[in-house]
Amino acid sequence: MEGSHPLTSYRSNAQKQLSLAKFCLVGALLFFMTSEVLGQPFPKIAISSLSKKIAQPTVSAIYKDSKGFLWVGTQEGLYKFYGADYRFYDSDSRNSNWIPSSDIRSIAEDTKGNIIVATYGAGLIRWNTISSSFEEIEAVSDKDVLIIAKIRETASEKFLVASKENFQIFNSNFTKK
């Protein structure tokens, strides 16, 4: 049988893999040496103590409001951080901090300081700063809008609401434009 010996083919593949590994190693070293030579420090990653307080590891939304509170939305609820302390909101009816859906998709704030939360399956809810509780936004009850992906406020005090099926614009009091 003519052709190369199987051992020769194996050595050739092994040499190619070794060459590729050397190339990657040299490239990585050059990257890190260059960043140090240019005066830029190595990237440092630290784990926040806040992450230990969040039960669901998938964070879907983060928002810092005008009062300095940090709101963190996950697929299993909403967290409002007061420095090191926090309050947790979810759809468990036994929870005093009940919200209609625990799956949080987006967080925004209106000009009055009310937090607007986009949920998956329950539309929009608003944090009422006076009553310190969430209320459902009734104007947003279309079946297509209940599964919301993102919400943003514009400079002209309108809210852009993107759902799975469509995109809508609402005035700040949540009547359709």
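Residues numbered from 1 in each chain as written. Predicted model: local features only at pLDDT ≥ 70, side-chain atom pairs only at ≥ 80, totals over all residues. Heavy atoms only, no water.

Novice: Tell me about the side chain of serine 106, residues and numbers included.
Specialist: Relative to the elements of secondary structure, serine 106 occurs in strand β5 (residues 104-109). According to the relative accessible area criterion, serine 106 is buried, its value standing at 3%. In terms of polar contacts, serine 106 uses its side chain to reach the backbone amide nitrogen of isoleucine 151, at 3.2 Å. A polar atom in the side chain of serine 106 sits 3.4 Å from the side chain of arginine 152. Ignoring sequence-local partners within four residues, the contact set of serine 106 consists of Ala61, Ile116, Val117, Ala118, Ala149, Lys150, Ile151 and Arg152. (Helix = DSSP H or I, 4+ residues; strand = E, 2+ residues; numbered from the N terminus. Buried < 20%, exposed > 50% of the residue type's maximum accessible area, 1.4 Å probe, protein only. Polar contact = N/O pair within 3.5 Å; in protein donor to acceptor, adjacent residues only side chain to side chain. Contact = heavy atoms within 4.5 Å.)

Novice: Mind laying out the nonpolar core, listing which residues take part and the relevant values?
Specialist: Core analysis: the largest hydrophobic core is formed by twelve residues, namely Ala61, Trp71, Leu78, Tyr89, Ile99, Ile104, Ile107, Ile115, Val117, Ile125, Trp127 and Phe134. Contributing elements (two or more residues each) for this core: β5, β6 (115-119) and β7 (124-128). Counting residues in each nonpolar core, the second largest holds eleven residues, with Ala118, Leu124, Phe159 and Phe174 among its members. (Core = buried A, V, L, I, M, F, W, Y, C linked by side-chain atoms within 4.5 Å.)

Novice: Residue-level account of the packing of aromatic side chains, with values.
Specialist: Applying the stated criterion to the full structure yields eleven aromatic pairs. For the pair tryptophan 71 and phenylalanine 134, a centre-to-centre distance of 6.1 Å together with 80 degrees between the ring planes defines the contact as edge-to-face. Separated by 63 residues along the polypeptide, tryptophan 71 in strand β2 (residues 70-74) and phenylalanine 134 in strand β8 (residues 133-136) bring together distant segments of the chain. Through a chain of ring-to-ring contacts, three or more aromatic side chains come together here, namely Trp71, Tyr89, Trp127 and Phe134. It is lysine 80 that lies over the ring of phenylalanine 69; its NZ or CZ is 4.5 Å from the centre. (Phe/Tyr/Trp six-rings, centres within 6.5 Å; stacked < 30°, edge-to-face > 60°. Lys NZ or Arg CZ within 6 Å of the ring centre and 35° of its normal.)

Novice: Residues and numbers for the environment of isoleucine 116, please.
Specialist: One can find isoleucine 116 in strand β6. Separated by 36 residues in the primary sequence, isoleucine 116 and arginine 152 have C-alpha atoms spaced 9.4 Å apart. Contacts of isoleucine 116, omitting those with residues within four sequence positions, involve Ser106, Ile107, Ala108, Asp110, Leu124, Ile125, Arg126, Ile137, Ile151, Phe159 and Phe174.

Novice: For the pairing of β8, give the residues involved together with the corresponding values.
Specialist: Bridge analysis of β7 against β8 gives four bridges, and the strand direction is antiparallel. For arginine 126, the partnering residue across the bridge sits in β8 and is glutamate 135. Once β7 ends, the chain turns through four residues before running back antiparallel as β8, passing serine 132 with a positive phi of about 50 degrees. (Pairing = 2+ DSSP bridges.)

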